[in-house]
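# Observations on the three-dimensional arrangement
Now for the letters of each chain:
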Amino acid sequence: MSDAEGIMDRRTFLTKSAAAIAGGAAFASSAISYGKILGANDRISLCHIGTGNRGDELDRIAAQLKTSHNVEMTAVCDLWKVNREKAVATNTKYYGRTPQSFQYLEDALALKDIDAVVISTPEHSHSPILKMAVEAGKDAYVEKPMGNVLSEIKSARDAAMARNRIVQVGTQHRSEPHPRAAHDLVQTGVLGEVSKVEIVWNYHGPRWRGRPQTQLIREADTNWRKWLLGKPYRPFDPQVYCEFRLYKEFSSGIPDQWLSHGIDLVHWFMKDSYPRSVTAHGGIFAWRDGRENADTFQALLEYPKGFLVSYSTSFGNDSPSFTRYMGKKATLHNIGGEGSPRYQLVEEKGNHEDDQAIDQKRTAKYMLLPGETELPPMGIDDLSLEHMANWFECMRARQQPHCTVQDGFAHSVACIMATQAYWSGRKQYWDAATETILDQPV
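My aim in this report is to walk through the structure given alongside it, one point at a time. (Residues numbered from 1 in each chain as written. Predicted model: local features only at pLDDT ≥ 70, side-chain atom pairs only at ≥ 80, totals over all residues. Heavy atoms only, no water.)

What follows is about the sheet that holds strand β10 (residues 277-283). Taken together, 10 strands build an open sheet; the order of strands is β17-β16-β15-β14-β8-β12-β11-β10-β19-β20 and the sheet is mixed. The open sheet is flanked by β17 (364-366) and β20 (436-438), the only strands paired with a single partner. Shown here is a sheet whose adjacent strand axes are inclined to one another by a mean of 15°, direction ignored. Here strand β16 (residues 343-347) pairs with β17 via three bridges, running antiparallel. Note that in β17 the partner of Q344 across the bridge is Y366. Contacting β15 (330-335) and β16, helix α7 (residues 177-187) runs over the sheet at an angle of about 25° to β16. Relative to strand β12 (residues 307-314), helix α10 (residues 254-270) is tilted by about 150°, and along the sheet it contacts β8 (194-200), β11 (296-303), β12, β14 (322-327), β15 and β16. (Pairing = 2+ DSSP bridges. Helix = DSSP H or I, 4+ residues; strand = E, 2+ residues; numbered from the N terminus. Axes fitted to C-alpha atoms, helices over the stretch in contact; angles between N-to-C directions. Contact = heavy atoms within 4.5 Å.)

What follows is the structure, given as structure tokens:
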């Protein structure tokens, strides 16, 4: 497989890509130049809450923006001693100064000189910690999903909106250049009436199982009850602590991690944010390793504008992944899995019954950015800078970022509905008037 077809390093890809990005520059908001923002010379002081695997990546991203956006990670917070000490060492290297270190988030949020927090804790704690952060007067960058309990995501959203906090939810593809260009293309109406969106993202392997941290963690080095954060008590379990995405009380697995990205782009592209109904099915068919969450999952989501979204993931086969927006005039084909920047527009020209050679007559064009001469890859890493840069700029301007707390609420609702449909075996319905999920039509 060539570099153009595989997953490419972010820095290499941006070097090959155009400097000018359709819909906005890579490190600039759509309307505001960094140097002209009021308070641009004031350093943004950050605290990172939850400094595990994804936390390492977010620390790296923030550090790459430290000069251009005048930010510093001045505090880190993690229940586990090992993560905490690693985050201190990492950020000392990045900034040349040792950040303050906290085991408990209550102590970190009490710091008056912290402007904002980065939240990359396990899924079950995203929305409760977000609520605490905004109530403490902090802006926040929170990893996706924004939450996986309906009452908790409501409380977090309402708290953020009541206090006018700038919250960026971590579905970072909204800020990347190719999805932004694809979004703008869809808005022109070139697809015609869209009746179906298909998302198929696959992976071959026992995803989230076998993390080396499970062999390192000791109950004495963390606070298990604090980690549970209101969940019913159970004896300390290193696998639950480090591989939480496999256990239904803390994560839904595929919906929380992958459907959240896919459906967030659908909401943005289609301008329809809440499914009318959701059905789901799946099971543990590939990796019978003690996991509770499905390794094979499929959901169907119907939207009020009149289109169906089909989402499917298998962890037992790496069959090529894709997303298709299927309209009466054309199909927008995203070739590759989550994060793929390779988009192709294929016109509709009739049907196979009338013309068996119809495929050869359909015009197909790859979407390239200005200055791009090679096809972009079919995958990319999670180290893009644009989403966090957008958050920093919006904090200074007090404007809403690319993925607002309302957007995070919406993708969380879709994922919660899919999860409830899977576990209950019953179709789930969204009541927009009361913001409740029902098992019968509204």
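On we go.
Further remarks concern the pairing of β8. Counted residue by residue, β8 has five buried out of seven residues, so it is predominantly covered. Relative to β14, β8 is paired through six bridges, and the arrangement is antiparallel. In the sheet register, V200 faces β14, and the bridge partner there is F322. Relative to β12, β8 is paired through five bridges, and the arrangement is parallel. (Buried < 20%, exposed > 50% of the residue type's maximum accessible area, 1.4 Å probe, protein only.)

On the surface, Y366, L368 and L375 cluster together into a nonpolar patch covering about 220 Å² of accessible area. Here L368 falls in the partly exposed class, since its relative accessible area comes to 37%. (Patch = residues over 30% accessible without salt bridge, like charges linked within 9 Å, V, L, I, M, F, W, Y side chains within 5 Å. Areas by Shrake-Rupley, 256 points an atom, 1.4 Å probe, with all protein chains shown as cover. Salt bridge = Lys/Arg side-chain N within 4 Å of Asp/Glu carboxyl O.)

Our next topic: the packing of aromatic side chains. Evaluated as defined, the whole model comprises 21 aromatic pairs. When the centroid spacing of 5.9 Å and the interplanar angle of 80° are considered together, the rings of Y203 and F315 count as edge-to-face. Of this pair, Y203 sits in strand β9 (residues 203-204) while F315 sits in the loop between β12 and β13 (316-317), placing them 112 residues apart in sequence. Consider the rings of Y422 and W423, whose centres lie 5.0 Å apart with planes at 75°: the pair is edge-to-face. Y422 gets classed as buried once you look at its relative accessible area, which sits at 18%. Cation over ring: R207 sits above Y203, and NZ or CZ is 4.6 Å from the ring centre. Geometry around W423 places K248 over its ring, the cationic atom sitting 4.3 Å from the centre. (Phe/Tyr/Trp six-rings, centres within 6.5 Å; stacked < 30°, edge-to-face > 60°. Lys NZ or Arg CZ within 6 Å of the ring centre and 35° of its normal.)

Below, the discussion takes up the pairing of β16. The pairing of β15 with β16 spans five bridges and is antiparallel. Bridged to T331 within β16 is V346.

Okay, helix α13 (residues 405-424) next. In a regular helix each residue adds 1.5 Å, so 20 residues correspond to 28 Å; α13 covers 28 Å between its end C-alpha atoms and thus fits that length. Among the 20 residues that make up α13, 16 are buried, leaving the element largely enclosed by the rest of the structure. G425, located one to two residues past α13, shows a positive phi value of around 75°. (Expected span 1.5 Å × (residues − 1).)

The next thing to look at is the packing of helix α6 (residues 150-162) against α13. Where α6 meets α13, the closest approach of the two axes is 10 Å, and the angle between their N-to-C directions is 175°. The pairing of α6 with α13 is recorded here as roughly antiparallel in orientation. Residues L150, I153, K154, R157, A160 and M161 of α6 touch α13, and the partners they reach there are V405, Q406, F409, S412, V413 and I416. (Parallel < 35°, antiparallel > 145°, perpendicular 65-115°, else oblique.)

What follows is about the environment of V278. Along the chain, V278 falls in strand β10. As for V278 and E302, which are separated by 24 residues in sequence, their C-alpha atoms are 6.4 Å apart. Setting aside its immediate chain neighbours within four residues, V278 contacts L300, L301, M417, A418, A421, R426, K427 and Q428.

Looking now at unusual backbone geometry. Here the amide bond leading from K144 into P145 is cis, since omega sits at -10°, within 30 degrees of zero. For P145, the position within the fold is in the loop between β6 (139-142) and α6. Phi at K271 takes a positive value of approximately 55°, unusual for a residue other than glycine. The residue K271 is located in the loop between α10 and β10 in this model. Its identity is not glycine, yet R398 carries a phi of approximately 55°, on the positive side. By secondary structure assignment, the location of R398 is in the loop between α12 (386-397) and α13. Residue R398 is classed as partly exposed on the basis of its relative accessible area of 40%.

Our next topic: the sheet that holds strand β5 (residues 116-119). Pairing in this open sheet of six strands is parallel, and the strands run β4-β3-β2-β5-β6-β7 from one edge to the other. Because the sheet does not close on itself, it has two edges, and the strands there are β4 (100-102) and β7 (167-169). Going from strand to strand, the sheet's axes swing by 20° on average, the running direction of each strand aside. Bridging between β5 and β6 involves four bridges; their strand directions are parallel. When the sheet's bridge partners are listed, A116 is paired in β6 with D139.

Let us look at the side chain of S175. With respect to the helices and strands, S175 occurs in the loop between β7 and α7. A polar side-chain atom of S175 sits 2.7 Å from a polar atom in the side chain of H402. If we ignore the near neighbours within four places in the chain, the residues touching S175 are Q168, R180, E386, H387, N390 and H402. (Polar contact = N/O pair within 3.5 Å; in protein donor to acceptor, adjacent residues only side chain to side chain.)

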